[in-house]
Amino acid sequence: MDAKIEHVSVILPVSNDPIIVGNVSSRKSLKRHWNQLSRFQKNLACILLAGMCIFYIIFFVLPFSDPSRSSDTIDPLEHIQIAPFKERHERFASSIVKEIKLSDSLANPPTEEAKPVDQQPESNLMQLEIVQNEPKEIVDNEENVLEENRRVPFAGARDFKGPTNDRQRAVVEAVQHSWKGYKEYAWGHDNLKPISMGYSDWFGLGLTLVDSLDTLYIMDLQDEFDEARTWIEKYLKFDVNREVNLFEVTIRVVGGLLSAYHLSGDRMFLDKAVDLGNRLLPCFDSPSGIPFSDVNIGSLAAHAPKWSPDSSTSEVTTIQLEFRDLSRSSKNPIFEKVASRVNLKIHELDKNEGLVPIFINANTGQFRNFATISLGARADSYYEYLLKQWLQTGKKADDYLIEDYQQSIRGVLNQLVRTTPNEKHVYVGELLNGKDFKPKMDHLTCYLPGTLLLGYKNGMPKTHLRLATDLLETCYQTYMKQPTQLAPEISYFNVNGESETDIYVKTNDAHNLLRPEFIESLYYFYAITGNRTYQDMGWTIFEAFNRYTKVKNGYTSIGNVKNPLNTRPRDMMESFWLGETLKYFYLLFSDDRNEIDLDKYVFNSEAHPLPMREV
């Protein structure tokens, strides 16, 4: 019994009684046990104890002492290369975004007592100031962001029902296939390289994302639209050191943002467009008023293109739709004023029956002497915007715009239109040195049939209708005469029997860049006439795109339309494939030819619909 009591009083307190454990006899007992351990056992115990301490510090102390690891700074999208800028992983909510604003911009809208635009001193047009916005709180949870940005809350949003037939559904599948490849390999960058699974940046402004906004919205692809919207709100910044082209950024980015604003009712898109518009204004601060072609949107330094002292004529005359709408939407007249001044200066220059050379100098304000006259590259959209500006303002814009348009089409009919000798294809050629005819027509020129028909719908003469119909057939043949049923970038036409065929293609011009111009014209013909033959023509071409340009991760431009067995894929999906080509296909195949009402909207040169408004 005594032994049992001794066992209880000596052994049990060591392991079970916290009070006795701390007494002197216990400490001696522990020391005795420690001394009885071998050196190896002592070392092993020390290592285990040190490991436990390190584990405790790492997992229980550091997470609460290091503010840089706070959960509210972790971006759940960080695993995706979501932004093209190095600051994409910085905490946007804690930064102050600098924006360039005009002194009479939205930050200080004009009051009713403000002077009319025409009475404001010219020196104020380019007065710039730096203002700072309050930091904006950014929701870091991706699902919450997408849910918060659903289109439902925005007043004035247009309602689109999505595809209603198999052809439209096929186009939507093409959009989703393209979007999937872009999202996986080029997210936040300008263009997808679908074969090498990479990307290409031109301006570093997410061109494909912005160009696609209204396409996604019109097709009722709400999840994809919300993904794009989230990126634009959170990552599309313009206070960056980027050299951009005034024309390209205006039609793609400004136009894309404005169209998304008008269709969705989401003010965020307008705010982004105004910010960018302000940064493009230095281009207009030239000696002649003809804008410089390029500008650094960070430093606000504008200049002529590096490759030439001249701008392309289309570059300076294809910004007016966007700048006018920017002014009307923001209630800031400066954008419309600077762009309209360009209209007037071009109107006052000498022309060849309304036809303009393809180059103009921003310093002198004059066309380049002996420059080519063409309705293709570098001049095409000058003629398009003469008509569309008149329509945009409810046919109440300055009369000289529509007069210049009518005169230019007379010049086309008198000097540029020819017919091939055998198959009687009507085409529009070029004048080299302003006088020597060349039987060459860019695929870009195939926008003209649709523009001519749109003009005829709005009162232009029947000669425009006949030319539109003839050119549409010729453009279609540039597709059908190729084994791939895809058109080349440039076609040549037989004049005096120098070719065995009336339409022929040179090797260097045999590429197809997924361009939209002919599909655009087919859309106008279907929307205005209701004739479903144009849908069938478009379906033939859409199937050819699927057959020869679709690859695993998107669609690619090809180098050779003349050989189905060797198309030479070029590994590039331009932003206009989603922004224009597939959008026009979708609208062309619609059961409702007024899905976009051509009496209420006018498409800019990048297929972004903008509302018509009276002056």
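For the structure itself, look to the data block above.
Here's what I pulled together on the structure shown here. (Residues numbered from 1 in each chain as written. Predicted model: local features only at pLDDT ≥ 70, side-chain atom pairs only at ≥ 80, totals over all residues. Heavy atoms only, no water.)

Here we come to the pattern of salt bridges. Close approach of charged atoms allows side chains of opposite charge to pair. Using the criterion set out here, one finds 21 salt bridges in the structure. With its nearest N and O atoms 2.7 Å apart, the salt bridge here joins Lys 161 to Asp 159. Take Lys 161 and Asp 159: they sit in the same class, and that class is exposed. As a salt-bridge pair, Lys 388 and Glu 384 come within 2.7 Å of each other at their nearest N and O atoms. Pair noted here: Lys 388 and Glu 384 are both in helix α15 (residues 380–392), with a separation of four residues, about one helical turn. What you see here is one network of salt bridges that share partners, running through Arg 229, Glu 233 and Asp 266. (Salt bridge = Lys/Arg side-chain N within 4 Å of Asp/Glu carboxyl O. Buried < 20%, exposed > 50% of the residue type's maximum accessible area, 1.4 Å probe, protein only. Helix = DSSP H or I, 4+ residues; strand = E, 2+ residues; numbered from the N terminus.)

This paragraph deals with the sheet that holds strand β14 (residues 440–442). Spatial strand order, β14-β15-β16: three strands in an open sheet with antiparallel pairing. The strands lining the two open edges of the sheet, one partner per strand, are β14 and β16 (503–504). Strand direction decides the pairing type here: strand β15 (residues 490–493) and β16, joined by two bridges, are antiparallel. Within β16, the position partnered with Phe 493 by the bridge is Ile 503. (Pairing = 2+ DSSP bridges.)

Here we come to the sheet that holds strand β6 (residues 294–296). In space, the three strands of this open sheet follow the order β5-β6-β7, with antiparallel pairing throughout. Taken across any chain shown, the strands that pair with only one partner, and hence form the sheet edges, are β5 (243–245) and β7 (302–303). Where β5 meets β6, three bridges bridge the pair, whose relative direction is antiparallel. For Glu 243, the partnering residue across the bridge sits in β6 and is Asn 296.

Under the criterion given, the structure shown has 29 aromatic pairs. An angle of 25° between the planes, with centres 5.8 Å apart, marks the rings of Phe 585 and Phe 589 as stacked. Residue classification places Phe 585 among the buried residues on the basis of a relative accessible area of 0%. Accessibility expressed as a relative area gives 2% for Phe 589, which makes it buried. Each residue in the set Trp 539, Phe 542, Phe 545, Tyr 555, Trp 577, Phe 585 and Phe 589 is aromatic and connected to the rest through ring pairs, giving one cluster. Above the face of the Phe 359 ring, Arg 368 is positioned so that its terminal group lies 4.0 Å from the ring centre. Sitting above the plane of the Phe 437 ring, Arg 418 keeps its charged end 3.9 Å from the centroid. (Phe/Tyr/Trp six-rings, centres within 6.5 Å; stacked < 30°, edge-to-face > 60°. Lys NZ or Arg CZ within 6 Å of the ring centre and 35° of its normal.)

When its volume is computed, the largest pocket comes out at roughly 880 Å³. Lining the largest pocket are 37 residues; nearest its centre among them are Trp 202, Phe 247, Glu 248, Arg 252 and Arg 515. The greatest single-element share of the lining of the largest pocket, amounting to four residues, is contributed by helix α10 (residues 246–264). For the lining of the largest pocket, the per-class residue count stands at 13 nonpolar, seven polar and 17 charged. (1 Å grid on protein atoms, 1.4 Å probe; cavity = no way out; pocket = protein on both sides within 12 Å on 5 of 7 lines; lining within 4 Å. Points joined across faces, edges and corners; volume = space filled by probe spheres on them. Nonpolar A, V, L, I, M, F, W, Y, C, P; charged D, E, K, R; others polar.)

Attention now moves to the state of the cysteines. Enumeration over the complete set of coordinates arrives at one disulfide. With its sulfur 2.1 Å from that of its partner, Cys 446 forms a disulfide with Cys 475. Sign of the S-S torsion, about -100° for the bond between Cys 446 and Cys 475, identifies this disulfide as left-handed. Placement of the pair is Cys 446 in the loop between β14 and α17 (448–457) and Cys 475 in helix α18 (residues 462–480), with a sequence separation of 29 residues. An identical accessibility class is assigned to Cys 446 and Cys 475; each is buried. (Disulfide = S-S within 2.5 Å.)

Here β15 shows no split at all, with Ile 490 and Tyr 492 on one side and Ser 491 and Phe 493 on the other all buried. Sheet analysis places β14 next to β15, joined by three bridges and oriented antiparallel. Bridge pairing in β15 places Met 441 opposite Ser 491.

To continue, consider the environment of Asn 343. By the secondary structure assignment, Asn 343 is in helix α14 (residues 334–348). Distance from Asn 343 to Ile 290, taken between C-alpha atoms, is 9.2 Å for residues 53 residues apart in sequence. Excluding its chain neighbours within four sequence positions, the residues that come into contact with Asn 343 are Gln 320, Arg 324, Gln 389, Tyr 400 and Leu 401. Within the structure, the side chain of Asn 343 is placed 2.7 Å from the side chain of Gln 389, a separation counted as a polar contact. (Contact = heavy atoms within 4.5 Å. Polar contact = N/O pair within 3.5 Å; in protein donor to acceptor, adjacent residues only side chain to side chain.)

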